[in-house]
Amino acid sequence: MLPRFICLLLLWGSSCFGFKSFQQRIPNGDMVPHSCKPNFLWHGLGHENELGGGARNSFGMDFAAAGLKWTKELCEKDSDGDGRTNGQELGDPNCTWKENSTPETNQGLSHPGVCEPHDSDLCKPKNTWLNCELESFKCDAIKSPEVKNVTIRFPNTSVPNFETNYFCMTFDLPTDGDYHVIAMTPVIENKNVMHHILLFGCDSDKQGEASGPTACEMGSVQCNTLFGAWTVGSAGQCLYHEAGIRIGQKGIKRVLMQVHWNNPEMRDDYSDSSGMTLHYTPKLRPNSAVMLMVGQWYLEIPPGRERHAESAVCSKEDTHRLLTGPIKIVRALNHMHYLGREESLEIIRNEKRIAYVTNETTYSYDRPKFVTISPPLEIQPGDEIKTTCVFKSKNKKKTTFSGRGTSDEMCLGFMVVFPAENLLSRTCTTWRSLSLTKLYRDLNPYGCNITNFFNLSHPDTRPLLEKLENNCKPFSICLEECKEVVKEVRKHPCLSGDVGKYIVHRAAQMFNGDFPRFLSLLQSCDVEMLKDKQVQRLTNNNESSGSVSPRRHLELIVSFLCVTLILLI
């Protein structure tokens, strides 16, 4: 009896939790869109439950009949009866895909177990089990009779026919009293494009930028206090009972709302008027809360990887500078995009992890988990906050970088903390190994005065440009004398290590002034200098060992020929 029970338990467990491994046996198995929830993915592809487990859908039954393998017969079958083969729906129209290979395409995917369009006359009778309802919002505090609400939303606005769009608009908040915001709920008008909403508190109630929907960046100079957030899959935020976000006469009087519209089909017939409802009370709670953002702004994820990790640390030095006293975390949210698989936020004290703030081992971009932390978790000045993100790029053919589009990636964490007065900045993030707190707040971070360095008329940096101008020719041949000058100039603290990479990254976004020319001069001999290094490596190996292994000799020759070929193209 016991062995039979164990077998049944194992079978049940595999059907509930095994879909992650099954995804790898199906082309684009982790990228299939939900049939009736825009911007969601269907994670348990073979099940009626979109998260996996429970009854199988028609594709799941056919997959099981095929021995849980992708076969030519399964590929050519139309499991859901909507007129498209399973291969066509999953990006393998010619049925050539093999496990661990890259599918022919990842565009135009659809669910092979859901007849689509899901509400058509053909499909509606087949999809009686399909659940198109979103998560409901629960927050008992907003039921109190004294709680008021205000809704801020865009007027009906045309969505540009670009994949990624960020638009902002400012709104006045109630100023007839002193209030705490205790909950926020989204008002989503066009689910086909809405990706996320961020709210930023403004420093001055007199500034009038973005009085209507305007293309924008993240926040602004006047509105940079992260106030609240919504992302796909969330029903809203209900704040911890001892804290609220201060608005009104003694708090934030105006907010900037930023929306991210995701329009991958680049349609020009979409419009939207989404926004947020803020629930607020005159009965002030014991503490005022704010949102703290941590994470890594530079990501470089190679294609074809089963697992790739990135991390960032808000360092001891950072928390000493940003915290005037302890703060307590009451709520947290991880944020990556569709390659994200795992994310954690850790508090480290005296070189030891004292607690996880979040630890998601099955992260889902369209199933965000707002983690409520009770009792609240304390961060002290001198603690470290470590963010770790794990990505899977198995089906990617190109490197993925950090960026705002859903086809780019992010590695961020958001924490609601209190008391607000103990936190001097709402962000503690890094770029590669560099603390952005240090870069933005120090006069000479990492030995580099960035402001002076970008001003090439400054007496400390003008000589660098003159040396390059006198010895190098941009967009032309590489002069021998240029190589030595470049080596000397690159010893400058602003051009060394990750600081140098950050400077080049910033410079690449400049289109006017002297700095683009400076950069072109600095990089005019890059390929030739790489060739010189390969030659020197070959020479050093020959001299040090007397002989080189045939394999190593071949590697060096191939490297040399590749560089030479680049020079000839």
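Residues numbered from 1 in each chain as written. Predicted model: local features only at pLDDT ≥ 70, side-chain atom pairs only at ≥ 80, totals over all residues. Heavy atoms only, no water.

**Concerning the overall build of the protein chain**
Step number 1: Within the protein chain, the regular secondary structure consists of 14 helices and 25 strands.
Step number 2: For the protein chain, with 569 residues in total, the buried portion stands at 50%.
Step number 3: Within the protein chain, counting contacts between residues at least 6 apart in sequence, those at least 24 apart form 77% of the total.
Step number 4: For the protein chain, the computed accessible surface area is about 27,600 Å², with 53% contributed by carbon and sulfur atoms. (Helix = DSSP H or I, 4+ residues; strand = E, 2+ residues; numbered from the N terminus. Buried < 20%, exposed > 50% of the residue type's maximum accessible area, 1.4 Å probe, protein only. Contact = heavy atoms within 4.5 Å. Areas by Shrake-Rupley, 256 points an atom, 1.4 Å probe, with all protein chains shown as cover.)

**Topic: the nonpolar core**
Step number 1: Counting residues in each nonpolar core, the largest one holds 54 residues, and the members touching the most others are Phe 227 and Met 257.
Step number 2: Looking at which element gives the most residues to this core, the answer is strand β5 (residues 194-202), with 6 residues.
Step number 3: The next biggest cluster of nonpolar side chains, apart from the first, holds 33 residues, and it includes Leu 468, Val 489, Leu 495 and Met 529. (Core = buried A, V, L, I, M, F, W, Y, C linked by side-chain atoms within 4.5 Å.)

**So, the state of the cysteines**
Each disulfide consists of a covalent bond between the sulfur atoms of two cysteine residues.
Step number 1: Taken as a whole and judged by the stated rule, the model has 11 disulfides.
Step number 2: The disulfide partner of Cys 75 is Cys 95, and the S-S distance across this bridge is 2.1 Å. In this structure, the disulfide formed by Cys 75 and Cys 95 twists by about -85° around the S-S bond and is classed as left-handed. Pair noted here: Cys 75 is in helix α4 (residues 72-76) and Cys 95 is in the loop between α5 (86-89) and β1 (148-153), with a separation of 20 residues, a long-range link. (Disulfide = S-S within 2.5 Å.)

**A closer look at the pattern of salt bridges**
Step number 1: In total, this model carries 22 salt bridges according to the counting rule given.
Step number 2: In this structure, Lys 487 engages Glu 484 in a salt bridge whose closest nitrogen and oxygen atoms are separated by 3.5 Å. Here Glu 484 and Lys 487 lie together in helix α10 (residues 480-489), a separation of 3 residues that amounts to about one turn.
Step number 3: Taking relative accessible area as the criterion, Lys 487 reaches 42% and is therefore assigned partly exposed. (Salt bridge = Lys/Arg side-chain N within 4 Å of Asp/Glu carboxyl O.)

**Things to note about the sheet that holds strand β20 (residues 371-379)**
Step number 1: One open sheet accounts for 6 strands, arranged β20-β17-β23-β14-β24-β25; its pairing is mixed. Strand pairing shows two members of the sheet lacking a second neighbour, β20 and β25 (434-435), which therefore form its edges.
Step number 2: Note that strand β17 (residues 327-335) and β20 share 5 bridges and pair antiparallel. By the bridge assignment, Lys 328 is partnered in β20 with Glu 378.
Step number 3: Against the sheet, helix α11 (residues 497-507) contacts β24 (427-431) and β25, and its axis sits at roughly 95° relative to β24. (Pairing = 2+ DSSP bridges. Axes fitted to C-alpha atoms, helices over the stretch in contact; angles between N-to-C directions.)

**Brief notes about the pairing of strand β12 (residues 275-281)**
Step number 1: The buried count for β12 comes to 7 of 7 residues, which makes it a mostly enclosed element.
Step number 2: Covered by surrounding structure in β12 are Gly 275, Thr 277, His 279 and Thr 281 together with Met 276, Leu 278 and Tyr 280, the residues of both alternating faces.
Step number 3: Sheet topology note: the β1/β12 ladder contains 6 bridges and is antiparallel. Residue pairing for β12: Arg 153 is matched across the bridge by Gly 275.
Step number 4: Summarising the sheet, strand β4 (residues 178-187) and β12 pair through 7 bridges and their orientation is antiparallel. If you follow Val 187 over to β12, its bridge partner there is Gly 275.

**A look at the sheet that holds strand β7 (residues 223-231)**
Step number 1: An order of β6-β3-β10-β5-β7 is seen for the 5 strands of this open sheet, with the pairing classed as antiparallel. At either end of the open sheet lies a strand with only one pairing partner, and these are β6 (214-215) and β7.
Step number 2: Summarising the sheet, strand β3 (residues 164-172) and strand β10 (residues 254-262) pair through 9 bridges and their orientation is antiparallel. Considered in β10, the bridge of Met 169 is made with Met 257.

**Remarks on the pairing of β10**
Step number 1: Burial runs high along β10: 9 of the 9 residues are buried.
Step number 2: Here β10 shows no split at all, with Arg 254, Leu 256, Gln 258, His 260 and Asn 262 on one side and Val 255, Met 257, Val 259 and Trp 261 on the other all buried.
Step number 3: In the sheet, β5 pairs with β10 via 7 bridges, with the strands oriented antiparallel. In the strand pairing of β10, Gly 201 is matched with Val 255.

**Topic: the side chain of Thr 430**
Step number 1: Along the chain, the position of Thr 430 falls in strand β24.
Step number 2: Among the residues examined, Thr 430 registers a relative accessible area of 4% and is labelled buried.
Step number 3: From its side chain, Thr 430 meets the backbone oxygen of Arg 432 in a polar contact 3.5 Å long.
Step number 4: Excluding residues within four positions of it along the chain, Thr 430 makes contact with Gly 295, Gln 296, Trp 297, Tyr 298, Ala 312, Val 313, Ser 435 and Leu 436. (Polar contact = N/O pair within 3.5 Å; in protein donor to acceptor, adjacent residues only side chain to side chain.)

**What about the environment of Lys 438?**
Step number 1: With respect to the element layout, Lys 438 can be found in helix α7 (residues 436-441).
Step number 2: Placed 10 residues apart in sequence, Lys 438 and Cys 428 show a C-alpha to C-alpha distance of 9.6 Å.

**Points about the packing of helix α9 (residues 462-471) against α10**
Step number 1: Contact geometry of α9 with α10 gives a least axis separation of 9 Å together with a crossing angle of 165°. Put simply, α9 runs roughly antiparallel to α10. In this structure, the crossing between α9 and α10 has a hand that is left-handed. Here α9 contributes Leu 464, Lys 467, Leu 468 and Asn 471 to the contact with α10, which in turn contributes Glu 481, Cys 482, Val 485, Val 486, Glu 488 and Val 489. (Parallel < 35°, antiparallel > 145°, perpendicular 65-115°, else oblique. Left-handed = near helix turned anticlockwise from the far one by under 90°.)

**A look at helix α3 (residues 58-65)**
Step number 1: Listing the buried residues of α3 in full gives Phe 59, Gly 60, Asp 62 and Phe 63. Take α3 and look down its axis: the buried residues cluster within an arc of 165°, on one side only.
Step number 2: Structurally, the start of α3 carries an N-cap: the backbone nitrogen of Phe 59 is 3.1 Å from a side-chain oxygen of Asn 57.
Step number 3: Directly beyond the C-terminal end of α3, a positive phi value near 80° is found at Gly 67. (Arc of directions from axis to C-beta.)

**Considerations on the confidence of the model for the protein chain**
Step number 1: When the pLDDT values of the protein chain are averaged, the result is 86; 88% of them are 70 or greater.
Step number 2: Taken as a whole, residues 1-18 scores under 50 in pLDDT and shows 10 contacts with residues more than four places along the chain or in a different chain.
Step number 3: Predicted confidence is poor over residues 563-569, with pLDDT under 50, and the contacts of this stretch with residues over four places away or in other chains come to 9 contacts. (pLDDT = per-residue confidence, 0-100.)

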